[in-house]
Amino acid sequence: MRRTDALWIGFLSVLMLLSLWMVFLYAPTERIMGQVQRIFYFHVALSFVSFLAFAVVFLGSLQYLRTGSEFWDELAAASAEVGVLFNGLVIVTGSIWARPTWGVWWTWDPQLTATLIMQLMYMAYMALRASAEGERQARLAAVLGIVSLVNVPLVFFSARLLRGISPVVFTRRGSGLEPAMLETFLVSLVTMLVLYVVLTRVRLRLGLAAVAVARLRAETLA
Amino acid sequence: MSRFWALFVKDVRLELRTREILSAMGLMSLVVLVLVSFTIGLNPTVAREIAPGLLWVLLAFSSSVGMGRSFQMERERGAGNGVLASPVDRMTILAAKAASNLLWILIVQAFMLPLFAVLLNVDLTRALPPLVVVIVLGSVGLAIVGTLFAAMTSVARLREALLPIVLFPIAMPLLIACVGATRTILGGGALDLGSAELRLLGAFDIILGAASLLLFETVVEEGL
């Protein structure tokens, strides 16, 4: 393991421990929602970072089309995978929160619906990547990566239209955050950010290695 | 402009010879309509509830079947690269192909609407003009984005199977808006041009339509 990897993972470990302590012990219990509110620290942080991940997919796609460098293509691929993971966790944690609060595992609440649609979009991106090969795949995936992010604002706007059909929607943000809660949230956010960086770095390196192997194989067999 | 028409007429002529796309789309629509009607929509009240949504589910599935095949014939005979080799700019190629796909979607819808009204017991007489507007606007968006994705997926390993997987999530804002507008219309309301649904529909058509036209070149860079 290289030194920078060790440093990143060390940093992440410290942040994780700090996060866990803050979320479960340091942060005060929320008056209305009780203990279950603690999941928000992860849920919201994961949500922010998954948006970042998908924005990186867009950027990587754009840069790949402009420069043709495989680095950008593999970055988009890596970020998409981590983004799908994080976004999936947003949905799961949201569901876990919803059950004791609203009594249901799922509701067609605008936020949840839009997150689900985003998940499907990027899972489709991964499916496209898996089903084409080589430079073709990279180019097609880049196009989808661009279209997907352009679509995200439309997705969120459209999800709000669904409110007319489903029953009352709670505002999950509640009132303003107490200082201790804000601190906990910020630490949690940084933790998730660093987790994203660590995972994406690993996946990116894997992707670039695969590209290098493919090139070597092509050269030796030629 | 004449190149657009040349391509468009070519597609129409091809399709009229074999009618593959129209029959696949029509049968798909019919099968899904009947399937959903007797599995979910037997109860008349339920049928009326699901009618707006079902209309668009039918349109979505049948159009993905049709569009998935729209590049097929050309690919099989290597004609796709022939089109690319001719002095037409890529946006025109996409526009012409999307226009012919739009035509198929609308033709199939024209046949399906009476059946739909009968099976689900929906009264379409007063609703027809605004409904047609929504169907056309929705189909335009679906056709442009769907044609772009059809070109993308036709070169992928999974081919046509991948098209719905990629198209539907992207098309969800469009479908949500269309279902909402359809529900209002079938409920007896008038078509409000300033409503959120129609604004979203317009925004989707414009934004994603433009993006699709611009990105088509990249998709077919290495041939069809």
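A brief structural summary.

**Considerations on the pattern of salt bridges**
- Tallied over the entire structure, the rule returns eleven salt bridges over all chains.
- Across the pair Asp-11 of chain B and Lys-97 of chain B runs a salt bridge, and its minimum N-O distance is 3.1 Å. You can see Asp-11 of chain B sitting in helix H1 (residues 2-18) and its partner Lys-97 of chain B sitting in helix H6 (residues 90-120), a full 86 residues away along the chain.
- For Lys-97 of chain B, a relative accessible area of 5% gives the class buried.
- It is possible to trace a salt-bridge network through shared partners that takes in Asp-5, Arg-201 and Arg-205 of chain A.

**Looking at the side chain of Arg-136 of chain A**
- Secondary-structure assignment places Arg-136 of chain A in helix H5 (residues 134-161).
- At a separation of 3.2 Å, a polar atom in the side chain of Arg-136 of chain A contacts the main-chain carbonyl oxygen of Val-219 of chain B.
- The contact partners of Arg-136 of chain A, leaving out residues within four places of it in the chain, are Val-155, Val-219, Val-220, Glu-222 and Gly-223 of chain B.

**Remarks on the packing of aromatic side chains**
Residues and elements named next belong to chain B.
- On inspection of all chains with the given rule, the structure shows 14 aromatic pairs over all chains.
- On the basis of an interplanar angle of 0° and a centroid distance of 6.2 Å, the ring pair of Phe-4 and Phe-8 is categorised as stacked. Of the two residues, Phe-4 and Phe-8 are both situated in helix H1; the distance of four residues between them amounts to about one turn of the helix.
- A relative accessible area of 16% means that Phe-4 is categorised as buried.
- Using a relative accessible area of 15% as the deciding quantity, one classes Phe-8 as buried.

**So, unusual backbone geometry**
Residues and elements named next belong to chain B.
- For Arg-19, which is not glycine, the phi torsion reads 55° and is therefore positive.
- Its location among the elements puts Arg-19 in the loop between H1 and helix H2 (20-39).
- One non-glycine residue, Asn-121, lies in the positive phi region at around 60°.

**Considering empty space enclosed by the protein**
Residue and element names in this part refer to chain B.
- This structure, assessed with the given rule, holds two cavities of 30 Å³ or more.
- Along the walls of the largest cavity sit Asp-11, Leu-14, Glu-15, Ile-21, Arg-69, Ser-70, Met-73, Glu-74, Lys-97, Ser-100, Asn-101 and Trp-104, which together make up its complete lining.
- Those elements giving two or more residues to the lining of the largest cavity turn out to be H1, helix H4 (72-76) and H6.
- Residue contributions to the lining of the largest cavity peak at four residues, all from H6.
- Residue composition of the lining of the largest cavity, by class: four nonpolar, three polar and five charged.
- The calculated volume of the second largest cavity comes to roughly 60 Å³.
- Around the second largest cavity sit Leu-7, Lys-10, Asp-11, Phe-71, Glu-74, Val-83, Ile-93, Ala-96, Lys-97 and Leu-224, which together line it.
- For the lining of the second largest cavity, the elements supplying multiple residues, two or more each, are H1 and H6.
- Class assignment of the residues belonging to the lining of the second largest cavity gives a composition of six nonpolar, no polar and four charged.

**Description of the interface of chain A and chain B**
- Every contact between the two is made by 29 residues of chain A and, on the other side, 31 residues of chain B.
- Between chain A and chain B, a total of about 2700 Å² is buried, with carbon and sulfur atoms accounting for 76% of that surface.
- Per-residue buried area on chain A facing chain B is highest for Arg-136, Leu-154 and Leu-161 of chain A; these three make up 22% of the total on that side.
- Counting every contact that joins chain A to chain B gives two salt bridges.
- Joining chain A to chain B, the criterion identifies four residue pairs in polar contact (both at pLDDT 80 or more).
- Taken together, the elements giving at least two residues each to the side of chain A that touches chain B come down to helix H4 (110-131) and H5 of chain A.
- Broken down by element, the side of chain A that touches chain B gets its largest block of residues, 16 residues, from H5 of chain A.
- The residue makeup of the side of chain A that touches chain B, split by class, is 21 nonpolar, four polar and four charged.

About the cut-offs
- Residues numbered from 1 in each chain as written.
- Chains lettered and ligands numbered in written order.
- Predicted model: local features only at pLDDT ≥ 70, side-chain atom pairs only at ≥ 80, totals over all residues.
- Heavy atoms only, no water.
- Salt bridge = Lys/Arg side-chain N within 4 Å of Asp/Glu carboxyl O.
- Helix = DSSP H or I, 4+ residues; strand = E, 2+ residues; numbered from the N terminus.
- Buried < 20%, exposed > 50% of the residue type's maximum accessible area, 1.4 Å probe, protein only.
- Polar contact = N/O pair within 3.5 Å; in protein donor to acceptor, adjacent residues only side chain to side chain.
- Contact = heavy atoms within 4.5 Å.
- Phe/Tyr/Trp six-rings, centres within 6.5 Å; stacked < 30°, edge-to-face > 60°.
- 1 Å grid on protein atoms, 1.4 Å probe; cavity = no way out; pocket = protein on both sides within 12 Å on 5 of 7 lines; lining within 4 Å.
- Points joined across faces, edges and corners; volume = space filled by probe spheres on them.
- Nonpolar A, V, L, I, M, F, W, Y, C, P; charged D, E, K, R; others polar.
- Buried area = accessible area lost by both parts, 1.4 Å probe.

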